[in-house]
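Residues per chain, in single letters:
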Amino acid sequence: MNNFTNLTIKTAREKLDKKEFSSVELTKYYLEQIKKHNDRLNAFITITEHEALTMAEKADEKIHNGESTPLLGIPLALKDIYVTKGIKTTAASKVLENYVGHYDGTVVKKLKDAGVVILGKTNLDAWAHGSSGENSDFGPTKNPYNTDYVPGGSSSGSPTAVAADMALAASGTDTGGSIRLPASFCNVVGLKPTYGRVSRYGVIAMASSLDSIGHFTKTVEDNALYLQASAGGDPMDATTPPVAVPDYSEKLDHGVKGLKIGVPKEYFIEGLDPKVRELTEKALSWYQSQGAKLVEVSLPHTKYAIEVYYIIQTAEVSSNLARYTGVRYGDERSVFGDEAKRRIMLGTYVLSAGYYDAFYKKAMQVRTLLIKDVKDAFEKVDVMITPASPTLPWKLGEKTTDPLSMYLSDIFTVHANLVGIPGLSVPIGFVDGLPVGMQILGPHFKEDLLYQVGNAFEKEHPFWMERPVL
Ligand code: GLN
């Protein structure tokens, strides 16, 4: 069996086209890896072996006929919140344990049209509620770099699968950090695109004004290819504006000379792990050495971001989860977990007559101020760089009984969702064997710029090559 450990989408494409191996061989390798590691890591809820091999055979036929598109024959995994025709979609909740979708969502359809191979559906915090991957009705996912630690959530299985070589890349969702935080905990690249850049149609809704659909890859370059295949306007999702989709790979090698990188002072605060701070500052100095200009900026309302997020998000969650009445989908009566119940209660409370003005309306007003903060900052700088998470990955069980400390781990990521801007998490090193990532934030629809900035760093610091020992 070939060793595909350091394969990327980009290099796999070249090798598939040169017939060094087939998509079926590649798919078998990943299925083998899943069989080897899934019991321990719990990254997948459903493995679609039969479907994967059929898709790989089809891809091989096309490759044989000379077709070569970037994702043709590439084995991927999907967070189990993407509805897939004929395959279970559980959202990691017992409520949907037996739900089989009768359609493919837009992204799934686009990926299938691009010729990918779908290996299975990955684990998550139930309904995407969580930051650690432990809030799954199918058991917690483990961090592949140290199985005593959490991989981050809510998209826990997807980055774990990519890091542990159980898929070449994988999809996730990010409502308050669920792509960027686990990407940083698992030493992979994760993009939360601009709100509306990728269609939400056919992805189970968490909080509809915040949900963003994005992907995990080993490299920045791969992420650009994956986004390319999934971005764009969609008549099925009215929040996807018809903004042209640029070539996301075009500016990858443009470097950072002359770019202004904002460093928001509110993000380098007490409570930030000194080792995370050190690695982030090291990355910032490297950018400076490459001719970028570091500019201190201020996002003065940052201190309210978590509160605003946990009001607006729970309000929207309470409304979205109201559809699980047992009539059409699962039976919620006894099976919603504690976290979903907590959010439904909080959300219903902040929306209720008498409290609406004090909580929901006030939060919406502060959201406007958070939008203004970011707008003002981007008048002075091209991008901003912050840590992705205030802490290193924590031990399994460490925060499960303390929801508030779990919520605080989103402190650096929720702002982007409230404002709708894109954020890219890129590996910047390790502390005691545990991965650390930085977050690159940019103006709306500037994903190409984030890739440019992220790729410059990664090319000189290929941390992604440091694979976990399993
Ligand atoms: N950790 C955050 C929460 O629990 C974000 C979740 C997400 O982005 N889906 O709400």
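All of the points below concern the structure found in this document. (Residues numbered from 1 in each chain as written. Predicted model: local features only at pLDDT ≥ 70, side-chain atom pairs only at ≥ 80, totals over all residues. Heavy atoms only, no water.)

What follows covers the overall build of the protein chain. Check the secondary structure of the protein chain and you find 14 helices and eleven strands. The globule rule puts the C-alpha radius of gyration for 470 residues at 23 Å, and the 21 Å found for the protein chain is close to it. Counting contacts in the protein chain only where the partners sit at least 6 residues apart, residues at least 24 apart contribute 77% of the total. Counting every atom, the protein chain has about 17800 Å² of accessible surface; 53% of that belongs to carbon and sulfur. (Helix = DSSP H or I, 4+ residues; strand = E, 2+ residues; numbered from the N terminus. Rg over C-alpha atoms; globule rule 2.2 N^0.38 Å. Contact = heavy atoms within 4.5 Å. Areas by Shrake-Rupley, 256 points an atom, 1.4 Å probe, with all protein chains shown as cover.)

Here we take up the site of the ligand. The environment of the ligand is formed by 16 residues, the closest being Ser-131, Thr-175, Gly-176, Ser-178 and Tyr-309. Within the backbone of Thr-175, an N or O atom sits 2.8 Å from an oxygen atom of the ligand. Between an oxygen atom of the ligand and a side-chain N or O atom of Ser-178, the distance comes to 2.6 Å. Surface burial for the ligand is 100%, taken as the share of its 290 Å² of free accessible area covered by protein chains. (Near = heavy atom within 4 Å. Polar contact = N/O pair within 3.5 Å; in protein donor to acceptor, adjacent residues only side chain to side chain.)

Moving on to the pattern of salt bridges. Applying the stated rule across the entire model yields 16 salt bridges. In this structure, Lys-15 engages Glu-20 in a salt bridge whose closest nitrogen and oxygen atoms are separated by 3.6 Å. Under the relative-accessibility criterion, Lys-15 is labelled partly exposed at 28%. Overall, Glu-20 belongs to the partly exposed group, its relative accessible area being 45%. Linked by salt bridges that have partners in common, Lys-15, Lys-18 and Glu-20 make up one network. (Salt bridge = Lys/Arg side-chain N within 4 Å of Asp/Glu carboxyl O. Buried < 20%, exposed > 50% of the residue type's maximum accessible area, 1.4 Å probe, protein only.)

Glancing now at helix α8 (residues 274-289). In an α-helix, one turn spans 3.6 residues; hence positions three or four apart end up facing the same way. Taking 1.5 Å of rise per residue, 16 residues should cover 22 Å, and α8 covers 22 Å from first to last C-alpha, within 8% of that figure. Val-276, Leu-279, Thr-280, Ala-283, Leu-284, Trp-286 and Tyr-287 are the residues of α8 that are buried. The buried residues of α8 occupy an angular sector of 155° when the element is viewed end-on, so they sit on one face. With respect to the buried face of α8, the exposed residues turned more than 90 degrees away are Pro-274, Glu-278, Lys-282 and Ser-289. On its buried side, α8 packs onto β7 (260-264), β8 (293-297), β9 (383-387), β10 (423-431), β11 (434-441) and α14 (447-460). Here α8 starts with a cap whose side-chain oxygen sits 2.7 Å from the backbone nitrogen of Lys-275, and that cap is Asp-273. (Expected span 1.5 Å × (residues − 1). Arc of directions from axis to C-beta.)

Attention now goes to the environment of His-129. In this structure, His-129 sits in the loop between β3 (117-122) and α5 (157-163). For His-129, a relative accessible area of 2% corresponds to the buried category. Each C-alpha atom of the pair His-129 and Arg-277 lies 27 Å from the other, and the pair is 148 residues apart in sequence. If we ignore the near neighbours within four places in the chain, the residues touching His-129 are Asn-135, Ser-154, Met-206, Val-317, Leu-321, Glu-339, Ala-340 and Arg-343.

Tallying each qualifying case throughout the model produces 20 aromatic pairs. Ring centres of Tyr-309 and Tyr-310 lie 4.7 Å apart, and the angle between their planes is 85°; this geometry places the pair in the edge-to-face category. The exposure class of Tyr-309 is buried, given its relative accessible area of 3%. Each residue in the set Phe-4, Phe-21, Tyr-29 and Tyr-30 is aromatic and connected to the rest through ring pairs, giving one cluster. The side chain of Lys-399 reaches across the aromatic face of Trp-394, ending 3.9 Å from its centre. (Phe/Tyr/Trp six-rings, centres within 6.5 Å; stacked < 30°, edge-to-face > 60°. Lys NZ or Arg CZ within 6 Å of the ring centre and 35° of its normal.)

A word on the packing of helix α9 (residues 305-320) against helix α10 (residues 338-351). For the pair α9 and α10, interaxial distance at closest approach is 7 Å and the crossing angle is 105°. With respect to α10, the axis of α9 lies roughly perpendicular. The segment α9 lies against α10, with Tyr-310, Ile-311, Gln-313, Thr-314, Ala-315, Val-317 and Ser-318 engaging Arg-343, Ile-344, Leu-346, Gly-347, Thr-348, Val-350 and Leu-351. Here the residues of the contact of α9 with α10 are counted per class, giving eight nonpolar, five polar and one charged. (Axes fitted to C-alpha atoms, helices over the stretch in contact; angles between N-to-C directions. Parallel < 35°, antiparallel > 145°, perpendicular 65-115°, else oblique. Nonpolar A, V, L, I, M, F, W, Y, C, P; charged D, E, K, R; others polar.)

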